[in-house]
Every structure is written in C-alpha cells, then in structure tokens.
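# Secondary and tertiary structure notes
Letter by letter, the chains look like this.
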Amino acid sequence: QVQLVESGGGLVQAGGSLRLSCAASGRTFSSYAMGWFRQAPGKEREFVAGISWTGGTYYKDSVKGRFTISRDNAKNTVYLQMSSLKPEDTAVYYCNFLRAGYRNTVAGSDYWGQGTQVTVSS
C-alpha cells in the first residue's frame, strides 16, 4: 500500500530556508507525478507544488520564485526547497502522488502521511 513519510520541518525565522523530504512507496515512483500540499490551522489542505514524472514543475502562485520541488527517482524521494519563508507559509506540509493529467493539483491517493510542521516566526 501507499506509504508517505515527510521530514525536514522546523521553526525558522522569516526570510529563512528549509528543505523538506518525502519518501514514498507503494507505487512505481518514477511513473507518477508527485506533489506537496500544506494545511494551516483552521484552513483546508491546499496544493503547493508539483513535479511530473518527466521533471516538469509547477507551483501555487504565492510560492513561485521561493520554493523549488525536485525528485530523486533512485531514492523514491521528492523534495521541497523553501526559501524566503514568510509567516503565512506556516503549516503542516504533506506530499502525495498526483492524479494523472497535465499539471494536475489533485492528490492521487487517499492516504496521507503524518506531515511535517513548518513554523515561520516574524
């Protein structure tokens, strides 16, 4: 079955950087687009960044130029490099497989890992 294990979160000051990692299993990783999502307190989970199986990337407008998604198919791992962090980036961050389709932003699995907490202080 699908397993997703996120790590790398923490407390950082505004303007700082963090690198998140997500180890995925249960599907042929290299054949799937992968995405990062986040959920802030009192808000719905939202799409943040996606990377296709060919390596094409796309982002939520508010993180463009600050976040970079990448993948290592040999390690079944997807990363999210976050820079110039803002207090509004504070959330629990999750990864997931993405549904098939051009620049899809919908999770392709109903399973979610535990996520990793990112807290940005002002």
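Residues numbered from 1 in each chain as written. Predicted model: local features only at pLDDT ≥ 70, side-chain atom pairs only at ≥ 80, totals over all residues. Heavy atoms only, no water.

Moving on, we come to the sheet that holds strand β1 (residues 3-7). Strand order in the open sheet formed by four strands is β1-β3-β8-β7, and the pairing between neighbours is antiparallel. Across the chains shown, the open sheet's two edge strands, defined by having one partner strand only, are β1 and β7 (67-72). Ignoring which end each strand starts from, the neighbouring axes of this sheet average 15° apart. As judged from the six bridges shared by strand β3 (residues 18-25) and strand β8 (residues 77-82), these two strands associate in the antiparallel manner. Residue pairing across strands places Arg19 opposite Gln81, the latter belonging to β8. (Pairing = 2+ DSSP bridges. Helix = DSSP H or I, 4+ residues; strand = E, 2+ residues; numbered from the N terminus. Axes fitted to C-alpha atoms, helices over the stretch in contact; angles between N-to-C directions.)

Before going further, it helps to spend a moment on the environment of Ser122. Topologically, Ser122 is positioned in the segment after β10 (116-121). On the accessibility criterion, Ser122 (89% relative accessible area) is exposed. In this structure the C-alpha to C-alpha distance between Ser122 and Leu85, which are 37 residues apart in sequence, comes to 9.8 Å. Once you skip the residues sitting within four places of it in the chain, Ser122 turns out to touch Ala14 and Pro87. (Buried < 20%, exposed > 50% of the residue type's maximum accessible area, 1.4 Å probe, protein only. Contact = heavy atoms within 4.5 Å.)

Take unusual backbone geometry next. Although it is not a glycine, Asn76 adopts a positive phi angle of roughly 50°. When you line up the elements, Asn76 lands in the loop between β7 and β8. Phi is positive for Arg103, close to 50°, though the residue is something other than glycine.

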